[in-house]
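Here is what each chain is made of, one letter per residue.
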Amino acid sequence: MKLDGAGVVVTGGGSGIGAALARRFAAEGARVVVNDLDPAKAASVAAELGEGALAVPGDAASTEGVEALIAAATAHLGAIDLFCANAGVGGAPTLEDEAGWELAWNVNVLAHVRAARALLPGWLERGRGHFLATVSAAGLLTMLGAPAYSVTKHGALAFAEWLSATYGDKGLTVQALCPQGVRTAMMEASGKAGEVLLAPSAIEPEDVADTVMAAS
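Calculation criteria
- Residues numbered from 1 in each chain as written.
- Predicted model: local features only at pLDDT ≥ 70, side-chain atom pairs only at ≥ 80, totals over all residues.
- Heavy atoms only, no water.
- Axes fitted to C-alpha atoms, helices over the stretch in contact; angles between N-to-C directions.
- Helix = DSSP H or I, 4+ residues; strand = E, 2+ residues; numbered from the N terminus.
- Parallel < 35°, antiparallel > 145°, perpendicular 65-115°, else oblique.
- Left-handed = near helix turned anticlockwise from the far one by under 90°.
- Contact = heavy atoms within 4.5 Å.
- Nonpolar A, V, L, I, M, F, W, Y, C, P; charged D, E, K, R; others polar.
- Core = buried A, V, L, I, M, F, W, Y, C linked by side-chain atoms within 4.5 Å.
- Buried < 20%, exposed > 50% of the residue type's maximum accessible area, 1.4 Å probe, protein only.
- Expected span 1.5 Å × (residues − 1).
- Salt bridge = Lys/Arg side-chain N within 4 Å of Asp/Glu carboxyl O.
- Pairing = 2+ DSSP bridges.

Visitor: Which residues make up the packing of helix H3 (residues 63-77) against helix H4 (residues 98-126), and what are the values?
Guide: It is the contact of H3 with H4, at a shortest axis distance of 9 Å, that shows an interaxial angle of 45°. When the axes of H3 and H4 are compared, the pair comes out oblique. Crossing of H3 against H4: the hand is right-handed. For the pair H3 and H4, the contacting residues are Thr 63, Val 66 and Ile 70 in the first and Ala 111, Arg 114, Ala 115, Arg 117, Ala 118 and Leu 119 in the second. Its residues placed into classes, the contact of H3 with H4 shows six nonpolar, one polar and two charged.

See the structure below:
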C-alpha cells in the first residue's frame, strides 16, 4: 500500500503496537488519526506525529464510538484509506467472569464488525479500502489462562478471513496481524503464564510495525 498522503486510523494508538504503527505510518507520509480510550495518550502520540495527525479519543468498540471515530476521521482526512482495528483487551481470566467475557467480545471482535459496517459503503463505492486487524498468535493457537482472549482472538481472525473472502474481489484488502509475545502493558498484565510462555521470545512493538510494512 502507498502510504504517502494516505488517510489512516489506528485504534488503541496511544501505546504499544498501536503507537508503533501510528509512528511508522506517519514516517511513511501518512496522515494519521490516533484513537485511544485515554485522551492524554492519544493526544501525546498525535502531537509526536506532527502536522496532519489528529487525536480522536473515545471508545472504538461501541457502535456509537466507532461511528463517531469514523465521522471525525473522515472529516479530518477526507477519506479513510487504511483502518487499523488494533485496540484489544485481555478479558475474562475465568469462565465465570461474565462482564469480562462481554468486554472481550465487544473490543476484540464486535469493534471490528462495527468498523467494517461503517467503512464498507464508502470503500465499495471507491473500489478500494484496507482493513488491518491486530489479532494475536492466540487467534491461531491459544493462550493458557486467558480463555476470553483466546476465544475472541479466534473470532477476530475468523472475521478478517470472512471479510477478505467476501469483499476481496471488490477492492478490499484485509490483513490479520498475529504476533506472539510483544513487550506491551498487556503482556505485562498476563501474569505467570505470560512470563513463562511469552516473555523469553517477546519482540518490541516496533518490530511488529516493521513486519506490517514488509507485508503491506
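Visitor: Any chance you could break down the nonpolar core for me, citing the residues and the numbers?
Guide: One finds Val 9, Ile 80, Phe 83, Leu 119, Phe 131 and Leu 163 to be the most contacted residues of the largest nonpolar core, which totals 28 residues. The set of elements that each furnish at least two residues to this core consists of H3, strand S4 (82-85), H4, strand S5 (129-134), helix H5 (147-167) and strand S6 (172-177). Top contributing element to this core by residue count: H5, with six residues. In this view, Leu 119 contacts Ile 70, Ile 80, Phe 83 and Phe 131; residues no more than four positions away in its chain are not counted.

Visitor: Mind laying out H3, listing which residues take part and the relevant values?
Guide: Between its first and last C-alpha atoms H3 spans 21 Å; for 15 residues at 1.5 Å apiece the expected length is 21 Å, and the two agree. The inward-facing, buried residues of H3 abut strand S1 (7-10), strand S2 (31-34), S4 and H4. Directly after H3, the chain includes Gly 78, whose backbone phi takes a positive value near 90°.

Visitor: Residue-level account of the pattern of salt bridges, with values.
Guide: Opposite charge on two side chains permits them to pair, given that their charged atoms come into close proximity. Under the criterion given, the structure shown has five salt bridges. Measuring nitrogen to oxygen at the nearest pair gives 2.7 Å for the salt bridge that ties Arg 23 to Glu 48. Residue Arg 23 is found in helix H1 (residues 16-27), and its partner Glu 48 is found in helix H2 (residues 39-49); the two are separated by 25 residues along the sequence. Its relative accessible area of 47% is what places Glu 48 among the partly exposed residues. We note a salt bridge from Asp 169 to Lys 170, for which the minimum N-O separation is 3.4 Å. Relative accessible area serves as the criterion here: at 42%, Lys 170 is assigned to the partly exposed category.

Visitor: Give a description of the environment of Ala 27 that names residues and reports values.
Guide: If you trace the backbone, Ala 27 turns up in helix H1. On a C-alpha basis, the gap between Ala 27 and Ala 79 in space is 19 Å, while along the polypeptide they are 52 residues apart.

Visitor: Which residues make up the packing of H1 against H2, and what are the values?
Guide: Orientation of H1 relative to H2, taken along the N-to-C sense of each, is 20°, at an axis distance of 10 Å. Regarding the angle of H1 to H2, the classification is roughly parallel. The interaxial crossing formed by H1 with H2 has right-handed handedness. Contacts between H1 and H2 pair Ala 19, Ala 22, Arg 23 and Ala 26 from the former with Val 45, Glu 48 and Leu 49 from the latter. Each residue belonging to the contact of H1 with H2 can be placed in one class, and the counts come to five nonpolar, no polar and two charged.

Visitor: Can you lay out the sheet that holds S4 for me, pointing to particular residues and giving the numbers?
Guide: Pairing is parallel in the open sheet, where six strands are placed in the order S3-S2-S1-S4-S5-S6. The strands lining the two open edges of the sheet, one partner per strand, are strand S3 (54-55) and S6. Looking at chain direction, S5 and S6 are connected through six bridges and run parallel. Paired with Thr 134 across the two strands is Leu 177, which belongs to S6. Relative to S2, H3 is tilted by about 155°, and along the sheet it contacts S1, S2, S3 and S4.

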